[in-house]
Each structure stands twice: as C-alpha cells, then as structure tokens.
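Below, each chain spelled out in residue letters.
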Amino acid sequence: MLNNKFKEEFANKAAGAFQTLFSDKYIEIGDKQVFSAQFILDNIEKPKDPTKGRFAFPVFRYGKLLGDNPPSIASKITEAINSSDNNLITVSSIAGFINIQTEFAIEASETIKNAVENETKYGSSDVGNGKKVLVEYSSPNIAKPFGVNHIRTTILGNSLRRIFLKLGYETIGINYLGDWGTQFGKMIVAYKKWADPSLVGKETVTDLLALYVRFHDEAEENKELENQAREEFKKLESGDAENRALWEKFREISINEFNRVYDIMGIEFDWVTGEAFLNDKMTHTIKAFEKANLVSESEGATIVNLHDEQLPPVLLKKADGATLYLTRDLSGYLYRANEFNFDEMLYVVAVNQSVHFQQMFKALAMLEDAQAVPEEKRMSSKGKHVEFGMIKFGDKMMKTRKGHIILLEDVINEAAKLAKEKIEEKTPDLKNIDDIALQIGLGAIFYSQMSVRRQKDVNFKWEEVLSFEGETGPYLQYTHARLISVLRKFEIKKLFTRALVIQRNPYGENSILNFSSIIDEGIDYSLLNFPEEKRIVELVADFPQAVADAARMYEPNMIANHLIELAGAFNKFYQRKDANGKTDKIISDNYELCRPRIVLVKAVQIVIKEGLYLLGIKAPEAM
Ligand code: ARG
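The notes below deal with the structure included here.

Before going further, it helps to examine the overall build of the protein chain. Across its full length, the protein chain holds 24 helices and 13 strands. For the protein chain, the spread of C-alpha atoms along the principal axes amounts to about 80 × 70 × 40 Å. When burial is assessed residue by residue, the protein chain has 53% of its 623 residues classed as buried. A fraction of 73% describes how many contacts in the protein chain between residues 6 or more apart in sequence connect residues 24 or more apart. Surface exposure of the protein chain reaches about 28,600 Å², of which carbon and sulfur atoms provide 48%. A distance of 2 Å separates the average location of the 80 positive side-chain charges in the protein chain from that of its 90 negative side-chain charges.

If you want it as structure tokens, here you go:
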C-alpha cells in the first residue's frame, strides 16, 4: 500500500455510490472521468475545519452533470457509504462537501506500518508510470563563472527530478549549458591578447574568469574590444579552426569545474547538452517556419510575428545571418519532442526569462497549427516554464572575489565553515566533522532556496539560513539526528519479545534493527493519545500527499513546509512535560506505551530523511 488507504477506500466507495445512485444519468453521461475512483482520489482536499474530519471531498462539480443540487448529492453519497460495510472510514455531509473521518488507532497503525515497511519507498506512487518528464535545470554559461545566480535553478530542478522519479515518472534531468553565444567572442579576444603563455595548457577556470573580468573592465574604456569580440565570434561560427580549438578548451575547462561543484552538491543529470549541440539543427527549424508560411523579413532579419500584443516577434535570424538564443531553444524543443516524445518538459529558469518562454511556446503552437498537427500528437502545449524569483542578499554576505561575481563555491565553503563553527560549539568531539559541516552548510543553502514559494524572491541571510532553529535546513537535519539518537537509546530486547537477529545493527548493539519485524507485535496504537502524537501521525500520513502536490505544482516548497511542520510537532512531543512538570521521555519503563511511541519515532525519521532527500539534502545521523 503506497497511497493513503482511507482516501482510497473513500474514492472506491464514492465511485461505486455515484454509479448506483445515479445509474440512469451515469449511463447517459457515459464513462466520464469525474466518476472514476482515481479522479475522486485526486480531488480529495483538506477540510476547511479540521475538527470536522481528516479529509473532505467537494461535490459541486456534479450538480449540473447530475441535475441535482450539491448538498443533496453529498448527503446521498454519504448515506450510501455509511451503510456499506467498511471498517476504515465514516463520512458526513455539510453543504456541498463530504467530510471523511478516520478512526485514530486504525489510522495510526496503518500509517506507521506503511511508513516503516516501505522505508525509502514511503510516499512513492505509480501515478507517473508510463509517463515521461524532462526537467531542464542549472544550465550555466560556459566561459562565465558558475555564480550564485545559477544556484536556485540547480537546487529546484534537482529536487523536481527526484520528486518525479519518486512518483514513477520516467524522468530525464537535462543540463542545457550556455556553450554558444557572443561571450565566446569576448573570451577569444581576451585569451589572444592577455593569456599568460606560461599557463597555456594548464589553465583553470579561475584563469578564464580573470580573463573574462579583464575583458569587461577594459571594454568599458575601449569600445573597440566589443567589435573585435563580434568578429571573433563570427569566425567561430563559420568554423575557424583556431577559434574552434579555443572554444573547445574553454568548454572543457568549464565543464570539469562545473562537475566538481555538482559533485560537492550532490547534483545529478541524465543528459548534459548545450546550445552548441543545436548549431546544425537550426536551418531545419527555420525551414519549418518558412514552410508553414510564418516568417517575414524585417530590415534583413528573419522574424516570426506572433500576432500578440504582449509578445515581441521571434527573431530567428539576424541580418548578418547570426542565430539567437531563442532560435536554439526552438530547435532544442523540436529535437527533444522528436527524440523523447515527452509528456511534459519543464524549464526551471528565472522569471526574468518569462517573455522568452512565452514567445517560444506561442511560436511552437503556431507552427503546429499551420502544420495541422492532430490534437493527440501536439507537443507545443507540453512545455512549461517553471519560473522562480531572485535571490537577494539581505546583509553583506561576503566580499565578492575577483570583481563582480559571487562564486557558488565560495558560498558553499563559507556555509561549511560557519556550520563547522556551530558544530564545534555544540558537539566538539563529533566524528567526521568536516563532512557533516559540509552537509549542514549545503542543507542551509539548499533549504533556503525552497523555503518560500518559487515565484517569490529569496532573501539570503547567513544567520537565518544556518540557524539550528526555525525554518531552516539545519533545523531539519538536527531534528533528524535527534530522532536517530532516540532510536539508538532504545533497547529492543527489553520491549519486544520476539527474538531478533542482532547483526551489525546501525543503531547500536541492542537497539532496533528491523522495524518491520516488530510492527505487528501487539502494539496498542490507541495509547498514542496526546495531541502532539495525533498531529505527528497525521503529518506522517499526509506526506505522500505533500509529495504529489509538490509535483503537481512544481513546488518543492510544499515538501519543505511539510517537513517543518512534522519536525515542529515531533520536537513539541519530545519536549513534552508531564503533569509534574518533568520531561515526558519517549523511552521509559512503561513498555506498553513505549512500543507505539518508538515506531512512531521511526516513522518520523523515515519521513524526514526521505523528504530531505527529495529536496537534495543529506540527513546526518549526528551533528
Ligand atoms: N544558460 C541560460 C542562462 O544562464 C539559461 C538557459 C535556460 N534554458 C533554456 N532552455 N533557455 O541564462
């Protein structure tokens, strides 16, 4: 069982009730999607008033279809479900809503078993089976430094890739390098003029960066340099051997550097490609638009008028024959559509490129219209710009090295350094302190990028993102380490009678080894009756929904928020005081009570770890 059993039961029963109660209408309407259990399942909501039920289902959309009013539909379906044999849910109706109640002890046992038995698979589903999603992210520009401006796309895209994989989609993570364009003309000029002959063949990205910065500094005084750069780029485009060799050199140096940083960050791709890959595909693209009668001439340039007041025309080819960023993107789309036949393609790119993507999708739709592509074969509507806001640096965060750019790696190093200082205060004798500090530093950076809805700007402040309290990555990581430490203290043999093979137990000699083997051993879940415990069970139960919602909205922030709530509920429980004002220890001599609690702790640990994984963040076991 990977989905929520209670919702599934509701969906199946409601689907059946619709069919029986409205059989005449049902036949008339035909096999409408809205009556399927899957549709009902996908449209279950949180009730406005949480005391009324765990879940709610609105029936308004059925009013017109069934020629009945929503409150009446809701009460008919409610009655039918309540009179069927079931032991998992009860329902009630209010206005046009059906509220779904669960029996807590049953929900607790189902939820905890589901999490503990499935471990890293908890929250997985097969909704994506047979579907293919392309996620394009990171896409830094070669011969420019990997600056912090590429951080958000890298982190969001990496997370979306993991989320879609978890939901069963075939997922292709694409890094679309900016490896073509006028910046290469600049680099070539700078290299030819100023490269240090003693370094030739051994240049690093830092040397390239120095050349890049020098070009920009000198070009401010000397406008002639820009012309030279255009000339060199033209030569490169027409295949000049020397420039081509330089381009390859720059590309290789940059890619090696990017890979080193991706490794540190744990970022993965399935396909690393780039703009240059499309150089031989653009003639074909331009021809397709010409054949569809969509192009016109404007001052010698080839353009596509989008007939849209909001959108400027697409410039396919400049008067001098040069193609553009958008021409390459259009070619890339057509190429990928043909090659992968995807169900969806996501471009995780900053919001300031939104006109670019609107132009692209519109042009593609016009092309398909002109080609009279039948509905089921159309690809143009399958692209989606997953846009995000800017990163702002609220306080001066660090001196920008080498002029104008904050290097991503400097940010990572700074984060790890600050994290290490914190750990040294708290846990001076921690093993692998440098490893853990890096994990925490990265956790802080990663989380900060998903701490708000993606369209919002992120305000990055060191003291905030690195805090072990509040809504931060380190807070979640710290909670995870705390969960592990509770599990380590727990001695399994005392609590569970079934003999267990204790072999290299990750949590220490006598502590818990295999939760799935004890999960059935007479645990009384009704003993979990504090509000904190109930809240934890609900949040564990709702994790799969948070993952599905994150995919639906392309919004890792929904998982981030869910984890914060869960960590908050757990920490409240952990620090609970009993009637005498003493901390109410999770592990105590009250074995009866201890059993359901410890498996609850395990379930929380699984969810936090897996949730962090989906965000791209490591979950250390101690810190
Ligand atoms: N390289 C571009 C930049 O850094 C981002 C590329 C975004 N993806 C795309 N298909 N246009 O601005």
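Next comes the rest of the account.
What follows covers unusual backbone geometry. At Ser139, a residue that is not glycine, the phi angle is positive and equals roughly 45°. Position of Ser139 relative to the elements: it lies in the loop between β4 (132–136) and α7 (151–166). You can call Ser139 buried: its relative accessible area is 16%. One non-glycine residue, His307, adopts positive backbone phi at about 50°. With respect to the element layout, His307 can be found in the loop between β8 (301–304) and β9 (314–317).

One open sheet holds the five strands; their spatial order is β6-β5-β4-β10-β11, and the pairing between them is parallel. The open sheet terminates on both sides in strands that have one partner only, identified here as β6 (271–274) and β11 (383–388). The mean inter-strand angle of the sheet, taken between neighbouring strand axes irrespective of direction, is 25°. Relative to strand β10 (residues 344–350), β4 is paired through four bridges, and the arrangement is parallel. The residue bridging Val133 from the neighbouring strand is Glu344, located in β10.

With that out of the way, let us pick up the packing of helix α21 (residues 531–541) against helix α24 (residues 591–615). Following both chains from N to C, one finds α21 and α24 inclined at 40°, their axes separated by 10 Å at the closest point. Here α21 lies oblique to α24, going by the angle between them. Judged by the sense of rotation from one axis to the other, the crossing of α21 with α24 is left-handed. Across from Glu533, Ile536, Val537 and Val540 in α21, the residues of α24 making contact are Arg597, Leu600, Ala603, Val604 and Val607.

The full count for this structure, using the stated rule, is 36 salt bridges. Salt-bridge contacts for Glu533 lead to Arg597; the nearest nitrogen and oxygen are separated by 2.9 Å. With a gap of 64 residues between them, Glu533 in helix α21 and Arg597 in helix α24 connect regions that are remote in the sequence. For the pair Glu533 and Arg597, one class covers both residues: buried. Connected via shared salt-bridge partners are Lys46, Arg54, Glu107, Arg535, Glu538, Asp542 and Glu565.

On to the site of the ligand. In the vicinity of the ligand, the contacting residues are Glu136, Ser139, Asn141, His150, Tyr176, Tyr325, Asp329, Tyr347, Val349, Gln353 and Phe357. A distance of 2.6 Å separates a nitrogen atom of the ligand from a polar side-chain atom of Asp329. Between Gln353 and the ligand, the recorded distance is 3.1 Å, taken from a side-chain N or O atom to an oxygen atom. Coverage of the ligand by the protein amounts to 89% of the 350 Å² it exposes when considered alone. Those elements that provide at least two residues to the shell around the ligand are α13 (325–340) and β10. Taken together, the residues of the shell around the ligand break down into five nonpolar, four polar and two charged.

Thresholds applied
- Residues numbered from 1 in each chain as written.
- Predicted model: local features only at pLDDT ≥ 70, side-chain atom pairs only at ≥ 80, totals over all residues.
- Heavy atoms only, no water.
- Helix = DSSP H or I, 4+ residues; strand = E, 2+ residues; numbered from the N terminus.
- Buried < 20%, exposed > 50% of the residue type's maximum accessible area, 1.4 Å probe, protein only.
- Contact = heavy atoms within 4.5 Å.
- Areas by Shrake-Rupley, 256 points an atom, 1.4 Å probe, with all protein chains shown as cover.
- Lys, Arg positive; Asp, Glu negative; His and termini not counted.
- Charge placed at Lys NZ, Arg CZ, Asp CG, Glu CD.
- Pairing = 2+ DSSP bridges.
- Axes fitted to C-alpha atoms, helices over the stretch in contact; angles between N-to-C directions.
- Parallel < 35°, antiparallel > 145°, perpendicular 65-115°, else oblique.
- Left-handed = near helix turned anticlockwise from the far one by under 90°.
- Salt bridge = Lys/Arg side-chain N within 4 Å of Asp/Glu carboxyl O.
- Near = heavy atom within 4 Å.
- Polar contact = N/O pair within 3.5 Å; in protein donor to acceptor, adjacent residues only side chain to side chain.
- Nonpolar A, V, L, I, M, F, W, Y, C, P; charged D, E, K, R; others polar.

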